[in-house]
Amino acid sequence: MRFTTIFFDLDDTLYPTSTGLWHAIKERMNLYMTERMGIPADQVPALREQYFKMYGTTLRGLQARHNVDEQEYLAFVHDLPLKDYLTPDPIQRKVIASLPTRNLIFTNADLHHARRVLAALELDDLFETIIDVNEVSPFCKPMPESFAIAQELADEPDPRKCVMIDDLPRTTRAALEVGMPSILYGTDEPTTDASGVFTDWNQLPILLGE
C-alpha cells in the first residue's frame, strides 16, 4: 500500500447517519443557541447554516460573531448518552485493525467527545491519536490550514501518502485540493469530490489498494 497515514473523520463516518446521533448533536446546538445565547428559535437554523458555510463549523462562527466559550459549548452539545445511539460493528473493527497504515482521528469535535464515541464503538485501541478541533484552532476542516496542521501532527509531510475519510463532500474535496487522496463515506455514487466512495467497510481495503 502506497499510503502511510489515514485520517478518519468521527461523527457520521465511524457510525452511519441512521444512528441519529449527529441529529441529536445538532438539536443540542440549537438548544444552546436559544437557551444559553437567547437567539430566537426561528433564526437558529439559518444562522447555523450561515456559520457552517462561512466558518467551517457552527462553533467557529459563534466564536467569531458572539465570543462563545468554546469548551462550554462543546461540553453542552455533546452531552448525550452515546450508548443509546451507537453499537459496535465487528466488521468495521476487523477492517480498520487490518490496515497497515497509521490511523488517526481527525475531527471537528473535541477530544472528550471523540474518546467517548470510540469507546462506545469499541474502537479506542485502533487509532494512534486524535486530532480534534482544539489541535487545529483557530482553523477546522475543510480549511486547508487544518490539513497542514494534521499532517504536521501526524509527522507525514507528503499529502500524497495520506488519505482523508469523511462523510462530507466539502471535506473530501478540500483534501483533494491540498493534494491528499480522499474517500467519501455514506454513498456508493461516484463523485468528483473524492477519490473513491463506500458504504460497506469491507470495500475500504480495496479502495486503498487501487
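Let me sum up the structure you'll find in this document. (Residues numbered from 1 in each chain as written. Predicted model: local features only at pLDDT ≥ 70, side-chain atom pairs only at ≥ 80, totals over all residues. Heavy atoms only, no water.)

**So, helix 6 (residues 111–121)**
Of all the residues in helix 6, the buried ones are H113, A114, V117, L118, A120 and L121. Projected down its long axis, helix 6 carries its buried residues within an arc of 160°, all on one side. Exposed residues lying more than 90 degrees from the buried face of helix 6 are H112 and R115. Just downstream of helix 6, E122 is the residue with a positive phi angle, here 60°. (Buried < 20%, exposed > 50% of the residue type's maximum accessible area, 1.4 Å probe, protein only. Helix = DSSP H or I, 4+ residues; strand = E, 2+ residues; numbered from the N terminus. Arc of directions from axis to C-beta.)

**Some details on the nonpolar core**
In summary, soluble globular proteins display a tendency toward joint burial of nonpolar side chains. Counting 51 residues, the largest nonpolar core has F8, L14, Y73, F127, W201 and L204 as the members making the most contacts within it. The element that contributes the greatest number of residues to this core is helix 1 (residues 21–36), accounting for six residues. Of all hydrophobic cores here, the second largest spans 14 residues; its members include I131, A154, C162 and A175. (Core = buried A, V, L, I, M, F, W, Y, C linked by side-chain atoms within 4.5 Å.)

**With respect to the sheet that holds strand 6 (residues 196–198)**
Read across the sheet, six strands follow the order 3-2-1-4-5-6 without closing on themselves; strand pairing throughout is parallel. At either end of the open sheet lies a strand with only one pairing partner, and these are strand 3 (129–131) and strand 6. With strand direction ignored, the average angle separating the axes of adjacent strands in the sheet is 25°. For strand 4 (residues 162–166) and strand 5 (residues 182–185), the ladder comprises three bridges, and the chain directions are parallel. From the neighbouring strand, I165 faces strand 5, where its bridge partner is I183. Lying on the sheet, helix 8 (residues 169–177) is in contact with strand 4 and strand 5; it crosses strand 5 at an angle near 175°. (Pairing = 2+ DSSP bridges. Axes fitted to C-alpha atoms, helices over the stretch in contact; angles between N-to-C directions. Contact = heavy atoms within 4.5 Å.)

**A closer look at the side chain of D158**
For D158, the position within the fold is in the loop between helix 7 (144–154) and strand 4. Judged by relative accessible area, which is 17%, D158 ranks as buried. A polar contact of 3.0 Å, which involves the side chain of D158, links it to the backbone nitrogen of R160. (Polar contact = N/O pair within 3.5 Å; in protein donor to acceptor, adjacent residues only side chain to side chain.)

**Notes on the packing of aromatic side chains**
For the structure on display, the rule yields ten aromatic pairs. Pairwise contacts between aromatic rings join F8, F127, Y185, F198 and W201 into one cluster. In this structure, R28 packs its charged tip against the face of F76, placed 4.1 Å from the ring centre. One residue, R170, lies across the ring of F52, its end atom 3.6 Å from the ring centre. (Phe/Tyr/Trp six-rings, centres within 6.5 Å; stacked < 30°, edge-to-face > 60°. Lys NZ or Arg CZ within 6 Å of the ring centre and 35° of its normal.)

**Some thoughts on the state of the cysteines**
Going through the model one piece at a time under the given rule, you end up with zero disulfides. We note that C140 lacks a disulfide partner, and the nearest cysteine sulfur, in C162, lies 19 Å from it. (Disulfide = S-S within 2.5 Å.)

**Some remarks on the packing of helix 2 (residues 44–55) against helix 3 (residues 58–66)**
Any two packed helices are characterised by how steeply their axes cross, that is the angle between the axes, and by the distance between the axes. One can describe the packing of helix 2 onto helix 3 by two numbers: an axis separation of 7 Å at closest approach and a directional angle of 95°. Considering the angle they form, helix 2 stands roughly perpendicular to helix 3. On the side of helix 2, the interface is formed by L47, R48, Q50, Y51, F52, M54 and Y55, while helix 3 contributes T58, R60, G61, L62, A64, R65 and H66. For the contact of helix 2 with helix 3, the class distribution of residues is seven nonpolar, four polar and three charged. (Parallel < 35°, antiparallel > 145°, perpendicular 65-115°, else oblique. Nonpolar A, V, L, I, M, F, W, Y, C, P; charged D, E, K, R; others polar.)

**Concerning the pattern of salt bridges**
Per the counting criterion, the structure on display carries ten salt bridges. E72 is the salt-bridge partner of R36, the closest N and O atoms lying 3.5 Å from each other. Taken together, the residues span a long stretch of sequence, with R36 in helix 1 and E72 in helix 4 (residues 70–77) at a distance of 36 residues. Judged by its relative accessible area of 47%, R36 is partly exposed. E72 gets classed as partly exposed once you look at its relative accessible area, which sits at 37%. Residue R102 is joined to E128 by a salt bridge in which the shortest nitrogen-to-oxygen separation is 2.8 Å. (Salt bridge = Lys/Arg side-chain N within 4 Å of Asp/Glu carboxyl O.)

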